Every structure is written in structure tokens, then in C-alpha cells.
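A look at the structure
One-letter residues, chain by chain:
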Amino acid sequence: EQNTAIAIDGPAATGKSTVAKIVAEKLKYIYVDTGAMYRALTLKVLNLDIDPSDEEAVLEVLLETDIELTNESNGQRVLLDGQDVTNEIRHQPVSANVSYIAKLPTVRKEMLKRQQELAKDRGVVMDGRDIGTHVLPNAAVKIFLVASVEERAKRRHEENMAKGIPSELDQLKKEIQQRDEIDSNREIAPLTKAEDAIEVDTTSLSIEEVVDRILLEVEKYK
Ligand code: C5P
């Protein structure tokens, strides 16, 4: 039933969402950015002044929160209880706190349920950390993207500047490393390559080259 699903996982800022979006467009699949869901919840928790490690309180917020990902011609928009938070969820306070929220087991359980629902009965390209391992274990194609931390920080910095999001290169590098560390070492669904995932190092590849590499794998299942 997940034969039209493409899972793209990997550490922070390896280009997952950039290539996932293009692959989805080419295949006419929908694109689901699961990191945006954790980020939207984090934004709401911070705005409510709730402690990100207070699992019970965070779960309570999540259960009454509506997170919608829309696919528009100008890219994916993220709606938090109907409000457009597409840019705000990329800001530093969210990035610095999201991994603490994403490690809460009951929060992950609810997110997994929502993500599987989104992928039901349609073609989907989903990116995140645990898509190939937990959310869509039967995905037709699983990709695991990696890249050097220097390159990742540089790319994210340029992307932030282009979007007008405040950004500082050294701080970005630290924050990316810290997020990877927390994501890789959490108890539930840590960041790890699925056994049957294809690893692609994007450090010296162009966006186009990564997209072509993924489409080549997709072709095998068509
Ligand atoms: O993909 P992005 O970097 O926006 O994800 C933000 C954070 O959300 C990750 O660092 C991780 O803590 C969490 N996340 C997760 N599982 C996913 C997607 C994101 O734990 N499937």
C-alpha cells in the first residue's frame, strides 16, 4: 500500500526538502515535509511559554493543534491552526528547540499517526528523519542523504539569506551539529539510515544531480 511512497531521510540541512519538492513535482506526487510539522508544534509551544521538555503539556498542545501542509505553485505553505507560519518556523528559536520536542515519545506517536494518514492512498514524497525506518517502512524507494557539516551550514546560510531569515554561519554550524546529535541519540525513532535505503552524499553534487539520482531509483519501480 506504500508502493507509491518515496522516503527521504538524513541529517539536518542535507538538501532533503529541496530535492523532495522537485521530485514530487516531477512525479505529480504530494510533498510532505515532516520536519515542518515538528517545527510548527515547537513554535506554538514556545509562543505559549511551555517548557519543551514537559511531555504531558506538549502533547496536550499537539492534540488540539491543527497543522496543515499545502502544496502551492510557490512552494509548500505551513498552516498552524490556520495561520501561515512558513517562514517563522525556520527562525533560530524554533531550530534550537525542535529536537527537544521531537524526542518526546508520545509526541512522535501522534506525529507518526498524522504522517501515515497523509500518505494514505496517494503518491507521496516525504522527508524527515524516521520516514524510511518508522513512518513508511514499506516505501518503494528510500533515500538517505548525507553531506559534510561545512557544506550543510553554508547552504542553509545562503538559503536563509535569500529568504530574509536572520542567519549566522558559525552559529548555524553548531546548531546543525547539536540537532544531529540529539536526533541520532534519542530513544524513539532516532535518525538512522534504513537497512534498505540508498545513501547519497550530496556534498559535491548539484541539486539536479541528486534529483536525477533519486528519479533513477524511482524508475525501477514503475
Ligand atoms: O527537517 P527539519 O530539519 O526541518 O526538521 C527539524 C527537526 O524536526 C529535526 O531536527 C528533528 O528533531 C525533527 N524531526 C524528526 N523526525 C522527522 C522530521 C523532523 O524528529 N521525521
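You'll find the structure just up there.
Small disclaimer: the values here were computed from a predicted structure and weren't measured. (Residues numbered from 1 in each chain as written. Predicted model: local features only at pLDDT ≥ 70, side-chain atom pairs only at ≥ 80, totals over all residues. Heavy atoms only, no water.)

**Focus: the site of the ligand**
For clarity, the cut-off: We call a residue near a molecule or strand as soon as one heavy atom of that residue lies within 4 Å of the molecule or strand. Polar contacts, as counted here, are pairs of nitrogen or oxygen atoms within 3.5 Å of one another; within protein the pair requires one atom able to donate a hydrogen and one able to accept it, and residues that are adjacent in sequence qualify only if both atoms are side-chain atoms. In short, Shrake-Rupley with a 1.4 Å probe defines the accessible areas, and a residue's cover is counted only from the protein chains shown. Only DSSP runs of H or I reaching four residues or more are called helices, and only runs of E reaching two or more are called strands; each is numbered from the N terminus.
If you check the shell around the ligand, you find 16 residues, and the closest are Arg-39, Arg-108, Asp-130, Arg-179 and Asp-183. In the environment of the ligand, a nitrogen atom lies 3.0 Å from a nitrogen or oxygen atom belonging to the side chain of Thr-34. A distance of 2.7 Å separates an oxygen atom of the ligand from a polar side-chain atom of Arg-108. Taking 450 Å² as the accessible area of the ligand by itself, protein coverage stands at 97%. Where the shell around the ligand is concerned, the elements lending two or more residues are helix 2 (34-47), helix 4 (92-102) and helix 8 (169-185).

**Quick word on the pattern of salt bridges**
The test is simple: Salt bridges are defined as contacts in which a side-chain nitrogen from Lys or Arg sits within 4 Å of a carboxyl oxygen from Asp or Glu.
Scanning the entire structure with this criterion turns up 17 salt bridges. Here Glu-110 makes a salt bridge to Lys-113, at a shortest N to O gap of 3.5 Å. Of this pair, Glu-110 and Lys-113 are both found in helix 5 (residues 105-119), 3 residues apart, which corresponds to roughly one turn of the helix. Between Arg-179 and Glu-175 there is a salt bridge; the shortest N-O distance is 3.8 Å. With Arg-179 and Glu-175 both in helix 8 and 4 residues apart, the pair spans about one turn of that helix.

**Topic: empty space enclosed by the protein**
Here the idea is plain: a probe the size of a water molecule rolls over the atoms and shows the empty space left. What counts here: Lining residues are defined by having an atom within 4 Å of a point belonging to a cavity or pocket. Those points lie on a 1 Å grid over the protein atoms alone, cavities being sets where a 1.4 Å probe fits but cannot get out and pockets being open sets with protein on both sides within 12 Å along at least five of seven lines. Grid points are joined across faces, edges and corners, and a volume is the space filled by probe spheres set on the points.
In total, this model carries 1 cavity of 30 Å³ or more according to the counting rule given. Put simply, the largest cavity is a space of about 40 Å³. Looking at the largest cavity, the residues that line it are Ser-95, Ala-96, Ser-99, Tyr-100, Glu-175, Gln-178, Arg-179 and Ile-182. Listed by contribution, the elements that provide at least two residues to the lining of the largest cavity are helix 4 and helix 8.

**Digging into the layout of surface pockets**
Looking at the second largest pocket, its volume works out to about 210 Å³. The wall of the second largest pocket is formed by Lys-21, Ala-24, Glu-25, Lys-28, Tyr-29, Tyr-31, Asn-71, Glu-72, Ser-73, Gly-75 and Gln-76. Contributions of two or more residues to the lining of the second largest pocket are made by helix 1 (16-27), strand 3 (67-72) and strand 4 (75-80). Among the elements that make up the lining of the second largest pocket, the one with the highest residue count is helix 1 (3 residues).

**What to know about helix 5**
Selection rule: Each residue after the first adds 1.5 Å to the expected span of a helix. The buried label goes to any residue with under 20% of its type's maximum accessible area, the exposed label to any with over 50%, and the partly exposed label to all in between, with areas taken from a 1.4 Å probe on protein chains only. Any pair of residues with heavy atoms lying within 4.5 Å of one another is described as a contacting pair.
Over its 15 residues, helix 5 extends 21 Å from the first C-alpha to the last, a length consistent with the 21 Å expected when each residue adds 1.5 Å. Three or more residues of helix 5 are buried, namely Val-107, Arg-108, Glu-110, Met-111, Arg-114, Gln-115 and Ala-119. Contacts from the buried residues of helix 5 go to helix 2, helix 3 (55-63), strand 3, helix 4, strand 6 (124-128) and helix 6 (131-135). Where helix 5 ends, the next residue or the one after it, Asp-121, has phi of about 60°, a positive value.

**Regarding the sheet that holds strand 2 (residues 30-33)**
Heads up, the rule is: Here the rule is simple: two strands pair whenever DSSP picks up at least two bridges between them. Fitted lines through C-alpha atoms give the axes, limited to the stretch in contact for helices. The angle between two N-to-C directions lies from 0 to 180 degrees.
Taken in spatial order, the 5 strands line up as 2-6-1-7-8 in an open sheet, and their pairing is parallel. In this open sheet, the two strands that pair with only one neighbour each are strand 2 and strand 8 (198-201). Each adjacent strand pair in this sheet contributes to an overall mean axis angle of 20°, direction not counted. Pairing analysis gives 4 bridges linking strand 1 (residues 5-9) to strand 7 (residues 141-146), with the strands arranged parallel. Paired with Ile-6 across the two strands is Val-141, which belongs to strand 7. Relative to strand 6, helix 1 is tilted by about 175°, and along the sheet it contacts strand 1, strand 2, strand 6 and strand 7.

**Structural notes on the packing of helix 1 against helix 9 (residues 207-219)**
Using the following cut-off: Any angle that falls under 35 degrees is termed roughly parallel, while one over 145 is termed roughly antiparallel, one within 65 to 115 roughly perpendicular, and all others oblique. In this scheme, a crossing is called left-handed if the near helix is turned counterclockwise away from the far one by less than a right angle; it is called right-handed if the turn is clockwise. Ten residue types, Ala, Val, Leu, Ile, Met, Phe, Trp, Tyr, Cys and Pro, are classed as nonpolar, four, Asp, Glu, Lys and Arg, as charged, and the remainder, Gly among them, as polar.
Running from N to C, helix 1 and helix 9 cross one another at 50°; their axes reach a closest spacing of 10 Å. Considered as vectors, helix 1 and helix 9 are oriented oblique to each other. The two elements helix 1 and helix 9 meet at a crossing, and its hand is right-handed. Residues Thr-18, Val-19, Ile-22, Val-23, Lys-26 and Leu-27 of helix 1 pack against Ile-207, Val-210, Val-211, Ile-214, Leu-215 and Val-218 of helix 9. When its residues are assigned to classes, the contact of helix 1 with helix 9 shows 10 nonpolar, 1 polar and 1 charged.

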